[in-house]
Amino acid sequence: MVEAARLYLLLAGTWTRSAAQYPASMVMLLITQAVSSSLDLVAILIMFAHTSRLGGFSLAEVMFLYATSGLCLALADITIGTVERLGEHIRKGTLDTVLLRPVSPLLQIATEDFNPRRLGKLIPTATMLVVALTRLDVHWTPARVALLPLMVAGGLWIFWALWVLTAAWQFVVVDGKQAGNSITYGGGFLTQYPLSIFGRDVLRGLTWVLPLAFVNWEPALYVLDRPDPLGLPVFFRFASPLVAAALSVLAALAWRGGLRRYQSTGS
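Keep in mind that this is a model prediction, so the values were computed, not measured.

Here we look at the pattern of salt bridges
Part 1: All chains considered together, the criterion is met by 13 salt bridges.
Part 2: Between R85 and D113 there is a salt bridge, with the nearest N and O atoms lying 3.5 Å from each other. Here the residue R85 occupies a position in the loop between α4 (59–80) and α5 (86–92), and D113 occupies one in the loop between α7 (105–110) and α8 (122–135), the gap between them amounting to 28 residues.
Part 3: We classify R85 as partly exposed; its relative accessible area is 22%.

In structure tokens form, the structure reads like this:
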């Protein structure tokens, strides 16, 4: 793991130095990224201009959900989002070149075209998290305080696993990138809101089938002192790391299985 982290930083640093050759362009793209990433928040503010609560949650509580989900999604997208390009490499035959290098193919694709402009996605979500925390009407116990970083770490880990899992799907369906995006980016959009607004059947699906509820919904219920609409035990509020570990095992098996069965295009 230490060696993998070292290689990741080395490859990401190489791409960053390349992007830094054009500092003005990099800064402008970073600002553009930050502004475009704020549009979802604008939509939430517009909704609350016409109502005081959404699914029983106040503006500060929805901002908290938006910020924690957005932070996890942004960090995952920055660090590993380019694995969604696997299908392009398979189609063009460039995956053969990747496999010939003495570095993990996953690390190579994850750091491909790494650019600091992606950090712009963190600006609105980090800002909103700070604002939401100052406005929440919550009794901050040591357990709730400790759960905040664990929530972000668990949500990030879940998105990492989902990104690898949906990328591995492209070994089977080469043009499956958009289907994968509907789970990663689409999942990030869903978890910005109280999941209870989508109905109990959808909530069950997001808990037991595609466990996006463990990104921030279940931990947030504990932080906000809210009951679980499904009546699940309190244990589930702290289950994000276990869910992330299970998804990681599934993603690793899918990725390695895809590599073993990969056949070169011959081009």
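Examining the nonpolar core
Most often, soluble globular proteins keep nonpolar side chains buried together rather than apart.
Part 1: Within the largest apolar cluster, 75 residues are counted, with the highest numbers of intra-cluster contacts made by F64, L95, I158, F159, F171, W217 and W255.
Part 2: Of the residues forming this core, the biggest block, 15 residues, is contributed by α4.
Part 3: The contacts of L95, once residues within four sequence positions are left out, are L86, H89, I90, I109, F171 and Y262.

Regarding the environment of G231
Part 1: One can find G231 in the loop between α12 (217–223) and α13 (240–261).
Part 2: Overall, G231 belongs to the exposed group, its relative accessible area being 60%.

Description of the packing of aromatic side chains
Part 1: Scanning the entire structure with this criterion turns up 8 aromatic pairs.
Part 2: Ring plane angle 70° and centroid distance 5.7 Å describe the contact between F171 and W255, whose orientation is recorded as edge-to-face. Within this pair, whereas F171 is found in the loop between α9 (142–168) and α10 (177–190), its partner W255 is found in helix α13, the two being separated by 84 residues in sequence.
Part 3: The class of W255 is buried, set by a relative accessible area of 7%.

What about the environment of A132?
Part 1: Secondary-structure assignment places A132 in helix α8.
Part 2: Those residues in contact with A132 that sit more than four places away from it in its chain are A60, M63 and F64.

Comments concerning unusual backbone geometry
Part 1: Positive phi, close to 55°, is recorded for D113, a residue that is not glycine.
Part 2: One non-glycine residue with positive phi stands out, namely D225, at about 60°.
Part 3: Considering the arrangement of structural elements, one finds D225 in the loop between α12 and α13.

Overview of the UniProt feature "transmembrane region" (unreviewed entry) in the protein
Part 1: Here, UniProt's "transmembrane region" (unreviewed entry) annotation points to residues 30–50, 62–83, 145–165 and 234–255.
Part 2: The annotated region residues 62–83 carries 86% helix and 0% strand content, and the separation between its end C-alpha atoms amounts to 30 Å.
Part 3: In the segment residues 145–165, helix accounts for 100% and strand for 0%; the C-alpha atoms at its two ends are 31 Å apart.

Cut-off values and rules
- Residues numbered from 1 in each chain as written.
- Predicted model: local features only at pLDDT ≥ 70, side-chain atom pairs only at ≥ 80, totals over all residues.
- Heavy atoms only, no water.
- Salt bridge = Lys/Arg side-chain N within 4 Å of Asp/Glu carboxyl O.
- Helix = DSSP H or I, 4+ residues; strand = E, 2+ residues; numbered from the N terminus.
- Buried < 20%, exposed > 50% of the residue type's maximum accessible area, 1.4 Å probe, protein only.
- Core = buried A, V, L, I, M, F, W, Y, C linked by side-chain atoms within 4.5 Å.
- Contact = heavy atoms within 4.5 Å.
- Phe/Tyr/Trp six-rings, centres within 6.5 Å; stacked < 30°, edge-to-face > 60°.
- UniProt positions renumbered as here; feature names shortened; annotations may be inferred.

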